[in-house]
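Results of the structural survey
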Amino acid sequence: MAYRPSRRMKKTVFGAGGIALLAGLNAPAAWTFASERYEDWKIAQPGYKAKYGSWSQIDIPEEYRTNAIHAALLHTGKVLIVAGSGNEQKKFDAGTFDTVLWDPKANTFKKVPTPADFFCGGHAQLPGGRLLVAGGTARYERLDGEVERAGGGMRVKNESPDKAVHLKKGTKFRSPSGTEYVSKFDVTVPKAKRAFGKKRNAAGVMQPWKTRIKASETRVFVEAAEQGKRYVTDDNAQYEIEGLRGKDADNTYGLSEKITMEKQDFQGIKEAYEFDPVAERYLPVDPMAKARWYPTLVGLEDGKVLAVSGLDDVGMIDPGDNEIYDPKTKKWSMGPKRYFPTYPALFLTQGGKLFYPASNAGYGPATKGRVPGLWDLKTNEFEKVPGLTDTDQTETSSSLLLPPAQDQRFMILGGGGVGESKKATSRTAVVDLKEESPAFKTGPQLPQGTRYLNSVIMPDDSVFTTNGSKDYRGRSASNIHQAQFYDPEQNAFQEAAAPKVGRNYHSEALLLPDGRIASFGSDPLYDNQQNTKLGHFEQRMEIYTPPALHRGGDRRPALGAGPETLPASGRATFRTKQADSIVKARLMRPSAVTHTTDVEQRSIALDVQKSKGAVTVGVPKDKTLVPPGWYMVFVSDADGVSSEAKWIQVT
């Protein structure tokens, strides 16, 4: 008799066969799932963490999630995360500007009222501990084909020495033929200046004192009152200002610049504020003379701050009208004139010159301002530094003053071509400014061509580098989920644990006082490999814990009581129970980073003297090496395990 399986057996056989069939169909997915589970297990092992470090994600309440465009560490230990309008036109139009204050120690968040759109402004640490924030966004770009009304610059002249003129947004400028343009911003035109002098007559005899009036001038962006190409003009015509009467109308008028229907770039603002970390609020100071979007602010040895480059109030790149801010007077003055592309990386060197490694971000022609060199602010001379390769790929590169700062070695890492170029380089290079004829020497290659790389100096003198993408703004799913340490002594990279979150444009990373690294932001152009789905801003935050902190355990050095202001002797003593194990001390300036540009961070080697229950550190008195401000003091043992930082103010 033929064998017939039971109904139950049929079900069992069919079930097993179905499972086998499904397993075959889903083998790639099952393999991926298994691989991911194994990877999660592997990176969670203590041995792995002790060798490569580890990543964790911060839980951010929804109401505090924001587009982290800028990040700065304050001397209170909190991190100021500035979005402004956050590259969102609708927030700009609504006047909704964000700043979030994050306390890494308590993991708490606070929203801070934001008085202006600081999106793509500049920032620098001030000697007293405040953060200077200057520039930002006055208007979002309009691409070719999006411009409906002709627009351009209108120079507003005031010939009255008696009073300034304030014109509100919407003021109309009218030509004799009736053509009208409308201002898009409020503008104040200062009083004209009286100039005194003597003049010789025909006989060569000096005439009595004569007074001449020098008209003041301010520029404002205007748009045509109506649509149409008939409003496009190259003429420098004179325009009367609607609403002015009598002498006011005679003394104040407009002079048009080129008005076109071409692409209109982002436009900058002149506003400047100091953020007070103690009061936790923005305080207004005098505005800059020039509007700036994408500027670099760099602190100088006297505590003043130099503002460089940026797009102006009509979207043109600044021709080199740099300004200096004095935190004592809260006012600006004009600095040495020199052109740079936007967000140039400018580092204060020992001796007071600024070093430009050619790193920059965003705007400027490929043939101008791309050469590395030393800029002497006193003579305004620029000495080129040779040897750099891939000079057409320095945009969106990372650069820094290698630790310790006394060595005066600078590094550039990665970068890409100008604008939306697909080029990306794996090149790194280092230059020693103490050499008789400084020149870049090629360093170790990055794992692949990388733009938007973030580099962070560590207390053990290594440099942590993370994230970035192979293409412009992470295009074609090109984010790089990798991290590595650079060892300046060995001139080599060492692998680090890979971040889970990909980051490219508008991302930042900085060192926290507890020795960990915070990583923020990312603004991809697209969200898929096919470049068909528009990108969204990455609001997750990750924390990297370096290997040394996993190895340290209970033996991690700890600094106790000590001075909050550096004594005049330049020496500070801190209590500690681990004095015998301490071999290194570093003075580290807190970061203020945006667009892979962080010219604030620096690490200075300190002299170390140990005694029973205490360690004394000696700080160099050279202000070009240690500009005034608040710093973190870290001490480390022979295994590279660092303490948490103690804050100290260097005056």
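Residues numbered from 1 in each chain as written. Predicted model: local features only at pLDDT ≥ 70, side-chain atom pairs only at ≥ 80, totals over all residues. Heavy atoms only, no water.

Notes on the overall build of the protein
For clarity, the threshold we go by: In DSSP terms, a helix is any run of H or I states spanning at least four residues, a strand is any run of E spanning at least two, and both are numbered starting from the N terminus. For every residue, the accessible area (1.4 Å probe, protein chains only) is compared with the maximum for its type, and the residue is labelled buried under 20%, exposed over 50%, or partly exposed between those bounds. The contact rule is simple, with two residues in contact once any of their heavy atoms fall within 4.5 Å. Only the protein chains shown count as cover for residues, and the accessible areas themselves come from Shrake-Rupley with a 1.4 Å probe.
On a plain count of helices and strands, the protein comes out with six helices and 48 strands. Across its three principal axes, the protein shows a C-alpha extent of roughly 130 × 80 × 45 Å. Of all 651 residues assigned to the protein, the portion counted as buried reaches 54%. Considering only contacts within the protein whose residues lie at least 6 apart along the sequence, 61% involve residues at least 24 apart. Carbon and sulfur atoms make up 51% of the accessible area of the protein, which totals about 29,500 Å².

Section: the sheet that holds strand β23 (residues 305-308)
Heads up, the rule is: Here a strand pair is declared whenever DSSP counts at least two bridges between the two strands. Each axis is a line fitted through C-alpha atoms, taken for helices only over the stretch in contact, and angles between the N-to-C directions span 0 to 180 degrees.
Taken in spatial order, the four strands of this open sheet run β22-β23-β24-β25, and their pairing is antiparallel. Sheet topology places β22 (296-299) and β25 (331-334) at the edges, where each strand pairs with a single neighbour. Ignoring which end each strand starts from, the neighbouring axes of this sheet average 25 degrees apart. Of the strand pairs in this sheet, β23 and strand β24 (residues 323-326) are connected by three bridges, and their pairing is antiparallel. The residue bridging V305 from the neighbouring strand is Y325, located in β24.

Some thoughts on the sheet that holds strand β1 (residues 54-57)
Read from one edge of the open sheet, four strands run β1-β40-β39-β38, paired in antiparallel fashion. Strand pairing shows two members of the sheet lacking a second neighbour, β1 and β38 (507-511), which therefore form its edges. Strand-to-strand twist across the sheet, computed as the mean angle between neighbouring axes with direction ignored, equals 20 degrees.

Digging into the side chain of T616
Along the polypeptide, T616 turns up in strand β46 (residues 614-618). Looking at T616, the relative accessible area reads 14%, which means it is buried. Contacts of T616, omitting those with residues within four sequence positions, involve R571, A572, T573, D607, V608 and Q609.

Some remarks on the packing of aromatic side chains
The following threshold applies: Two rings belonging to Phe, Tyr or Trp (six-membered ring only in the last case) form a pair when the distance between their centres is within 6.5 Å. Interplanar angles under 30 degrees mark stacking, angles over 60 mark edge-to-face geometry, and anything in between is tilted.
Under the defined criterion, the tally for this structure stands at 35 aromatic pairs. With a centroid separation of 6.1 Å and 65 degrees between ring planes, the pair formed by F119 and F266 is classed as edge-to-face. Pair noted here: F119 is in the loop between β5 (108-111) and β6 (122-125) and F266 is in the loop between β18 (252-260) and β19 (267-268), with a separation of 147 residues, a long-range link. Each member of the pair, F119 as well as F266, is classed as buried. An angle of 50 degrees between the planes, with centres 5.8 Å apart, marks the rings of F347 and F410 as tilted. Taken together, the positions of F347 in strand β26 (residues 347-348) and F410 in strand β31 (residues 409-413) put the pair 63 residues apart, joining distant regions of the chain. Judged by its relative accessible area of 1%, F347 falls in the buried class.

Some details on unusual backbone geometry
Among all residues except glycine, the phi angle is most often negative; among peptide bonds, the trans geometry is most common. P404 follows P403 through a cis peptide bond whose omega is -10 degrees. Its location among the elements puts P404 in the loop between β30 (398-401) and β31. With a phi angle near 65 degrees, C120 is a residue other than glycine that sits in the positive phi range. Positive phi is not limited to glycine here, since R473 has a value of about 50 degrees. Position of R473 among the secondary structure elements: in the loop between β35 (463-466) and β36 (483-487). Its relative accessible area of 13% is what places R473 among the buried residues.

Description of the pattern of salt bridges
Quick note on the threshold: Throughout this description, the term salt bridge denotes a Lys or Arg side-chain nitrogen within 4 Å of a carboxyl oxygen of Asp or Glu.
Counted according to the given criterion, the structure contains 46 salt bridges. Where E280 meets K110, a salt bridge forms, and the shortest distance between an N and an O atom there is 2.7 Å. You can see E280 sitting in the loop between β20 (272-276) and β21 (281-285) and its partner K110 sitting in strand β5, a full 170 residues away along the chain. Two residues, D318 and R292, come together in a salt bridge whose shortest N-O distance is 3.8 Å. Of this pair, D318 sits in the loop between β23 and β24 while R292 sits in the loop between β21 and β22, and the two are 26 residues apart along the sequence. Across the pair, R292 and D318 agree in class, each one buried. Here the salt bridges do not stand alone but share partners, grouping R155, K157, E217, R219, E257, D312 and D313 into one network.

With respect to the pairing of β23
Of the two faces of β23, both are covered, the one formed by V305 and A307 as well as the one formed by L306 and V308. As paired strands, β22 and β23 are joined by four bridges and run antiparallel to one another. Within the sheet, the bridge partner assigned to V298 lies in β23 and is L306.

Concerning the side chain of T597
Mapped onto the elements of the fold, T597 is located in the loop between β43 (592-593) and β44 (602-605). Setting aside anything within four residues of it in sequence, one finds T597 in contact with T296, Y343, P344, A345 and A592.

Digging into the pairing of strand β9 (residues 151-158)
Within β9, seven of the eight residues are buried, leaving the element largely enclosed by the surrounding structure. For β9 and strand β16 (residues 216-224), the ladder comprises eight bridges, and the chain directions are antiparallel. In the sheet register, G151 faces β16, and the bridge partner there is E223. As defined by bridge partners, β9 adjoins β18 across seven bridges and the pair is classed as antiparallel. Bridge pairing in β18 links R155 to L255.

Regarding the confidence of the model for the protein
As a general rule, the predicted coordinates of low-pLDDT regions are not to be interpreted in detail. Operational definition: The predictor rates its confidence in each residue with pLDDT, a number between 0 and 100.
With 93% of its residues at a pLDDT of 70 or more, the protein shows a mean pLDDT of 93. Within the model, pLDDT remains below 50 along residues 1-22, and this stretch shows two contacts once partners closer than five positions in the same chain are excluded.

Remarks on the environment of T651
With respect to the secondary-structure elements, T651 resides in the segment after β48 (646-650). What makes T651 exposed here is its relative accessible area of 59%. For the pair T651 and T565, spaced 86 residues apart in sequence, the C-alpha to C-alpha distance is 7.7 Å. Contacts of T651, omitting those with residues within four sequence positions, involve T565, K623 and P628.

What to know about the environment of G502
Along the polypeptide, G502 turns up in the loop between β37 (492-496) and β38. Along the primary structure G502 and R37 are separated by 465 residues, whereas in three dimensions their C-alpha atoms are 19 Å apart. Those residues in contact with G502 that lie beyond four places of it in its chain are N467, N479, H481, S522 and E538.

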